[in-house]
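Secondary and tertiary structure notes
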Amino acid sequence: MPARTADEPNDCSRPPNTWHQQSGAAAQSIQNCGGEQYFRRLVEITSDWIWAVDADGVYTYASPKVKDLLGYEPEEIVGKKPFDLMPPDEAQRVAALFRDLTRTQEPFLRLENTNLHKDGRRVVLETSGMPVFDADGTFLGYQGVDRDITKPKQDEAELKRTMANLEQSNQDLQQFAYSASHDLQEPLRMLSSYLQLLDQRYGEGLDEQARDLISLCMRSARWMQRLIEDLLAYAHVGSRGKQFEPFDSGAVVDQVLGDLQAAIQSNHAEVTHDDLPNITADPVLMAHLFQNLIGNAIKFHGDQPSRVQISATESADEWVFAVRDNGIGIDPKNIDRIFVIFERLHSREEYPGTGLGLAICKRIVQRHGGRIWCESTPGTGTTFFFSIPKQPVSP
Ligand code: ADP
């Protein structure tokens, strides 16, 4: 729309193009054409309902938009009080607020209130108002604006319900996984003991095929035991309370390397780490995380003995740790799969494992509000990165 100049005819349907034109000639022009008429037009086209009440809270003006918001014509509103349009309990609450406001005569912003549409529907409005005074400073009432926030409020309530349901089913699932794996341990222990007994007492009298079968059963029982232990560890990450505390991550890595001594020695691996920072996290979970990543780095070695290096870099709000190895690497097309529970890229005969290690790592990192990812070149090596916020976040 071309800018209007003071020379053009006064056309009140055409506001100035920009705010700064209100100064000088254009502003003068608005006043000439009847500023009130111009602002009345604005009031009528805005998507909010504009209103005025007197000092007793009686509507003296309602813009036509009220019809869209509450179903009433402006004439039906004038003479009523805001509380006449509300359910009784809400009317009581807002009337008390209004009494306070008329005493303090202060502006108010975004006061949420529930109203009844003419058709009986509940409509949530957000009301803001400014006090009006005459030239002598006598309080005349309020002018203000109402916005319909029914839909955003419904969306918000729906989101809260969904979050609560999700939280509940997550807890149920957690509890289920924990109890199921816990309760499975006992019969499994019995099974292993009876198999052992069978082997000890009657092994001599059995033929080779029968003894092989017993030994296969015992291997399966041991395998099941590992699966249950890993499932318990996975469930444990979610059920564990937030026990965040400051500690030296280098000391935790040293302790993990001590626990991994047997694997390090048997694989002739060399594991080193830079100076690692003090962080605030759950030390038990962090030890588990390092143990899984370093354990994998040693396990998935190529022809060369494993060389594993652990480092950390600092950014404004987080630490990013890296566990780098020179192992077999991972085909980039499989990288998304490896963090999924029970996903493995190799058979158990090639590399033993349950496929839960990285899923546990991901859970631990997420519990701290961080991210985990990996970069790899097949045949050359893999680096796993994970971030831990300096201020741990609620999961
Ligand atoms: P698991 O070690 O029990 O197989 P994980 O969840 O720890 O289970 O790992 C999933 C898969 O990701 C592994 O089976 C392996 O294929 C791949 N992987 C994990 N870490 C490495 C690594 N450092 N180098 C190469 N492959 C890896």
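What you see is a predicted model; the values in this text were computed from it and never measured.

1. Some thoughts on a nonpolar patch on the surface
Taken together, the side chains of Phe39, Leu42 and Ile45 present a nonpolar region at the surface, about 300 Å² in accessible area. Mapped onto the fold, isoleucine 45 is located in helix 2 (residues 35-45). The class for isoleucine 45 is exposed, based on a relative accessible area of 67%.

2. Side note on the nonpolar core
In this structure, Met286, Phe290, Ile294, Phe321 and Phe386 are the most contacted members of the largest nonpolar core, which totals 44 residues. It is helix 10 (residues 283-299) that contributes the most residues to this core, 9 residues altogether. Apart from the residues lying within four places of it in its own chain, the contact partners of phenylalanine 386 are Met286, Leu289, Phe290, Leu293, Trp319, Val320, Phe321, Val365, Arg371, Ile372 and Trp373.

3. A closer look at the packing of helix 8 (residues 249-259) against helix 10
Remark: helix 8 packs on helix 10, axes separated minimally by 9 Å, with the N-to-C direction vectors making an angle of 55 degrees. One finds that helix 8 runs oblique with respect to helix 10. Relative to helix 10, helix 8 is oriented so that their crossing is right-handed. Only Pro283, Met286, Ala287, Phe290, Gln291 and Ile294 of helix 10 make contact with helix 8, whose side of the interface consists of Val252, Val253, Gln255, Val256, Leu257 and Asp259.

4. Focus on the pattern of salt bridges
Oppositely charged side chains may form a pair once their charged atoms are brought near each other. With the rule as written, the count across this model stands at 17 salt bridges. With its nearest N and O atoms 2.7 Å apart, the salt bridge here joins arginine 147 to aspartate 48. Highlighted residues: arginine 147 in strand 5 (residues 139-148) and aspartate 48 in the loop between helix 2 and strand 1 (49-54), separated in sequence by 99 residues. Residue class for aspartate 48 comes out buried when judged on its relative accessible area of 9%. Taking the shortest distance from any N to any O, the salt bridge between aspartate 68 and lysine 65 comes out at 2.8 Å. Because the salt bridges share partners, they merge into one network encompassing Glu112, Lys153, Glu156 and Lys160.

5. Considering the packing of aromatic side chains
Tallied over the entire structure, the rule returns 13 aromatic pairs. Seen from their ring centres, phenylalanine 321 and phenylalanine 386 are 5.1 Å apart, and the 10 degrees between their planes marks the pair as stacked. Here phenylalanine 321, found in strand 10 (residues 318-324), pairs with phenylalanine 386, found in strand 12 (residues 381-389); they are 65 residues apart in sequence, far enough to count as distant. The exposure classification of phenylalanine 321 matches that of phenylalanine 386, with both residues buried. Aromatic pair phenylalanine 339 and phenylalanine 384: ring centres 6.1 Å apart, planes at 80 degrees, arrangement edge-to-face.

6. Some words on the sheet that holds strand 3 (residues 108-116)
With antiparallel pairing, 5 strands are arranged side by side in an open sheet as 2-1-5-4-3. Looking at strand neighbours, the two that pair on one side only are strand 2 (59-62) and strand 3, the edges of this open sheet. With strand direction ignored, the average angle separating the axes of adjacent strands in the sheet is 30 degrees. Here strand 1 runs beside strand 2; their pairing, made up of 3 bridges, is antiparallel. Across the sheet, the residue bridging to tryptophan 51 is alanine 62, located in strand 2. Against the sheet, helix 5 (residues 88-104) engages strand 1, strand 3 and strand 5, with an angle of about 150 degrees to strand 3. Against the sheet, helix 6 (residues 150-202) contacts strand 3, strand 4 (122-133) and strand 5, and its axis sits at roughly 130 degrees relative to strand 4.

7. Describing empty space enclosed by the protein
One pass over the structure, following the stated rule, counts 2 cavities of 30 Å³ or more. Of the voids in this model, the largest cavity is the one considered here, and its volume is about 180 Å³. Around the largest cavity, the lining is made up of 18 residues, and of these Trp51, Pro82, Val94, Phe108 and Thr127 lie nearest the centre. Listing elements by their share of the lining of the largest cavity, those giving two or more residues are strand 1, helix 5, strand 3 and strand 4. A breakdown of the residues in the lining of the largest cavity according to their chemical character gives 14 nonpolar, 3 polar and 1 charged.

8. Overview of the site of the ligand
The environment of the ligand is made up of 21 residues, and the closest members are Asn296, Asp325, Arg344, Gly355 and Leu358. For the ligand, an oxygen atom lies 2.8 Å from a polar atom in the side chain of asparagine 296. A distance of 3.3 Å is found between an oxygen atom of the ligand and a backbone nitrogen or oxygen belonging to glycine 357. When the ligand is considered free in solution it has 530 Å² of accessible area, and contact with the protein chains removes 98% of it. The site holding the ligand turns out to be the largest pocket. Elements with a contribution of two residues or more to the shell around the ligand: helix 10, helix 11 (357-367) and strand 12. With 3 residues, the single largest contributor to the shell around the ligand is helix 10. Looking at the shell around the ligand, its residues break down into 9 nonpolar, 8 polar and 4 charged.

9. Let's talk about the confidence of the model for the protein
Per-chain confidence: the protein averages 86 in pLDDT, with 90% of residues scoring 70 or above. Across residues 1-33 the pLDDT falls below 50, and counting only partners more than four positions away or on other chains, this stretch makes 34 contacts in the model.

10. Some words on helix 10
Over its 17 residues, helix 10 runs 24 Å from end to end, which matches the ideal 24 Å to within 8%, given 1.5 Å per residue. At the N-terminal end of helix 10, a side-chain oxygen is found 3.0 Å from the backbone nitrogen of valine 284, two or three residues along, and the residue is aspartate 282.

Parameters and conventions
- Residues numbered from 1 in each chain as written.
- Predicted model: local features only at pLDDT ≥ 70, side-chain atom pairs only at ≥ 80, totals over all residues.
- Heavy atoms only, no water.
- Patch = residues over 30% accessible without salt bridge, like charges linked within 9 Å, V, L, I, M, F, W, Y side chains within 5 Å.
- Areas by Shrake-Rupley, 256 points an atom, 1.4 Å probe, with all protein chains shown as cover.
- Salt bridge = Lys/Arg side-chain N within 4 Å of Asp/Glu carboxyl O.
- Helix = DSSP H or I, 4+ residues; strand = E, 2+ residues; numbered from the N terminus.
- Buried < 20%, exposed > 50% of the residue type's maximum accessible area, 1.4 Å probe, protein only.
- Core = buried A, V, L, I, M, F, W, Y, C linked by side-chain atoms within 4.5 Å.
- Contact = heavy atoms within 4.5 Å.
- Axes fitted to C-alpha atoms, helices over the stretch in contact; angles between N-to-C directions.
- Parallel < 35°, antiparallel > 145°, perpendicular 65-115°, else oblique.
- Left-handed = near helix turned anticlockwise from the far one by under 90°.
- Phe/Tyr/Trp six-rings, centres within 6.5 Å; stacked < 30°, edge-to-face > 60°.
- Pairing = 2+ DSSP bridges.
- 1 Å grid on protein atoms, 1.4 Å probe; cavity = no way out; pocket = protein on both sides within 12 Å on 5 of 7 lines; lining within 4 Å.
- Points joined across faces, edges and corners; volume = space filled by probe spheres on them.
- Nonpolar A, V, L, I, M, F, W, Y, C, P; charged D, E, K, R; others polar.
- Near = heavy atom within 4 Å.
- Polar contact = N/O pair within 3.5 Å; in protein donor to acceptor, adjacent residues only side chain to side chain.
- Sits in = over half its atoms within 2 Å of the grid points.
- pLDDT = per-residue confidence, 0-100.
- Expected span 1.5 Å × (residues − 1).

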